[in-house]
Amino acid sequence: MTNVVVVGSQWGDEGKGKIVDWLSERADIVVRYQGGHNAGHTLVIDGVSYKLSLLPSGVVRPGKLAVIGNGVVVDPHALIAEIGRLEAQNVKVSPENLRIADNATLILSLHRELDGMREDAASNSGTKIGTTRRGIGPAYEDKVGRRAIRLMDLANLDTLPAKVDRLLTHHNALRRGFGAAEVSHETIMEELTSVAEHVLSFRETVWLLLDKERRRGARILFEGAQGSLLDIDHGTYPFVTSSNTVAGQAAAGSGMGPGALGYILGITKAYTTRVGEGPFPTELTDEVGQFLGERGREFGTVTGRKRRCGWFDSVLVRQAVATNGITGIALTKLDVLDGLDEIKICVGYELDGKALESLPASQGDQARVKPVYISLEGWKESTVGARKWADLPAQAIKYVRQIEELIGAPVALLSTSPERDDTILVTDPFED
């Protein structure tokens, strides 16, 4: 028996929600270890859809413990609102099934406002990143700058005012630079004290809790947000998120040692999508790209933004396999490719006449690389709802085997529809 880390191997939106839900039924604890409420997914259980942005997937299943680790930045108001939406769907959320790390950084209104001001300024200059304007980046900046307000600070009103003053010294200087009104000490204190009692009820020393649970043999599922190609270090910088999204962050963002992580499952879409700005070598702006977007219902769970679509990029997924130490992948949305006469896979790049086997680190070079493709015959039969290999067309199996060879990792799970049980299990990550 082992613990399992779920990571996205592309630019996010790979279908982690279904896979995490499928795995969480067998886990005891589900842990979010990075990001904030800027990434979401939809779970469908017994025909009911649950849209989650901040809360771990385990929270909707009775008898599971959901944990928000120290690597997550938490907007208290977004947290309270999301809990309210779930409770309106008859999902009870209490300290019995949700714990939040006492050393998790909080997102405040001034973070959201700064995020928006920066994006507006960048839009005017043509250099926007495409953030969700939810304050994620500014909150992480304050964490690294050692001026953040953390959950534990709400429990000590004697030291909180001084921490707020330190935070405002930084933020009001920035606001003056943007020509925005300064924020008063009283405004932030009221914002914090208004939510303190509610969010403190979930407070936990998470690293200690997880260590005890691991030692008693609990199955722990680590749930990542976004995708590896949005990692602040290993992604397509600067068009990335503000945290580390690779599997190693599951250790740092939860307080568990790397040796406790276990099986690394990379969620991988059978084609490629991206939301927002940044390089996308295999992007399709033709009728095939439109076909993928419409058939795959490619719209963001949190923002509703339309996703850019393109052919499968084995070069980038191979990079994700290496940087995450991926044990096996869960291949999703294979059914979206049904009916295509020809399917292409990117196997390399060309830059200024030179062949490349990886994406260069330079932003300028990333924008100029040309994909090198191989072509495979498509299939006309439907793969929707297939639950065993024998149900798949021969060409679909050939496509899957080609992907395995190119990325250097086996398929552990194969998803053939949004329904959780429409899954072909090759390897059980919890028993590997």
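Just so it is clear, the model here is predicted, and its values are computed rather than measured.

## Some remarks on the overall build of the protein
Along its length, the protein carries 12 helices and 20 strands. For 432 residues, the compact-globule estimate of 2.2 N^0.38 gives 22 Å, and the C-alpha radius of gyration of the protein, at 22 Å, lies within 12% of that figure. Overall, the protein is about 65 × 50 × 40 Å in size when its C-alpha atoms are taken along their principal axes. Counting the 432 residues in the protein, one finds 57% classified as buried. Considering only intrachain contacts with a sequence separation of at least 6, the fraction spanning at least 24 residues in the protein is 76%. Carbon and sulfur atoms provide 48% of the accessible area of the protein, an area that totals close to 17600 Å². Here the protein contributes 49 positively and 57 negatively charged side chains, and the mean placements of these two sets differ by 1 Å.

## Looking at the sheet that holds strand S10 (residues 220-223)
Read from one edge of the open sheet, 10 strands run S9-S7-S5-S2-S10-S1-S11-S15-S19-S20, paired in mixed fashion. The open sheet has two edge strands, strand S9 (203-204) and strand S20 (423-425), and neither has a second partner. Note: strand S15 (residues 328-332) against strand S19 (residues 411-415), three bridges, orientation parallel. Counterpart to Leu331 in the pairing with S19 is Leu414. Set on the sheet, helix H12 (residues 394-407) makes contact with S15 and S19; between it and S15 the angle comes to about 140°.

## Points about the pairing of strand S2 (residues 29-32)
Side-chain alternation along S2 places Ile29 and Val31 on one buried face and Val30 and Arg32 on a second face that is also buried. Here S2 runs beside strand S5 (residues 65-68); their pairing, made up of four bridges, is parallel. The residue bridging Ile29 from the neighbouring strand is Leu65, located in S5. Two strands pair when backbone bridges link them, and S2 and S10 are joined in this way by four bridges, in the parallel orientation. Counterpart to Val31 in the pairing with S10 is Phe222.

## Describing helix H10 (residues 314-324)
Residues separated by three or four positions in an α-helix point in the same direction, a consequence of the helix having 3.6 residues per turn. Those residues of H10 lying buried are Ser314, Val315, Leu316, Val317, Ala320, Val321 and Asn324. Residues of H10 that are buried make contact with strand S1 (4-8), strand S11 (263-269), strand S14 (312-313), strand S16 (342-351) and H12. Where H10 begins, the capping side chain belongs to Asp313, and its oxygen is found 3.0 Å from the backbone nitrogen of Val315. A positive phi of about 65° marks Gly325, the residue just after H10.

Calculation criteria
- Residues numbered from 1 in each chain as written.
- Predicted model: local features only at pLDDT ≥ 70, side-chain atom pairs only at ≥ 80, totals over all residues.
- Heavy atoms only, no water.
- Helix = DSSP H or I, 4+ residues; strand = E, 2+ residues; numbered from the N terminus.
- Rg over C-alpha atoms; globule rule 2.2 N^0.38 Å.
- Buried < 20%, exposed > 50% of the residue type's maximum accessible area, 1.4 Å probe, protein only.
- Contact = heavy atoms within 4.5 Å.
- Areas by Shrake-Rupley, 256 points an atom, 1.4 Å probe, with all protein chains shown as cover.
- Lys, Arg positive; Asp, Glu negative; His and termini not counted.
- Charge placed at Lys NZ, Arg CZ, Asp CG, Glu CD.
- Pairing = 2+ DSSP bridges.
- Axes fitted to C-alpha atoms, helices over the stretch in contact; angles between N-to-C directions.
- Polar contact = N/O pair within 3.5 Å; in protein donor to acceptor, adjacent residues only side chain to side chain.

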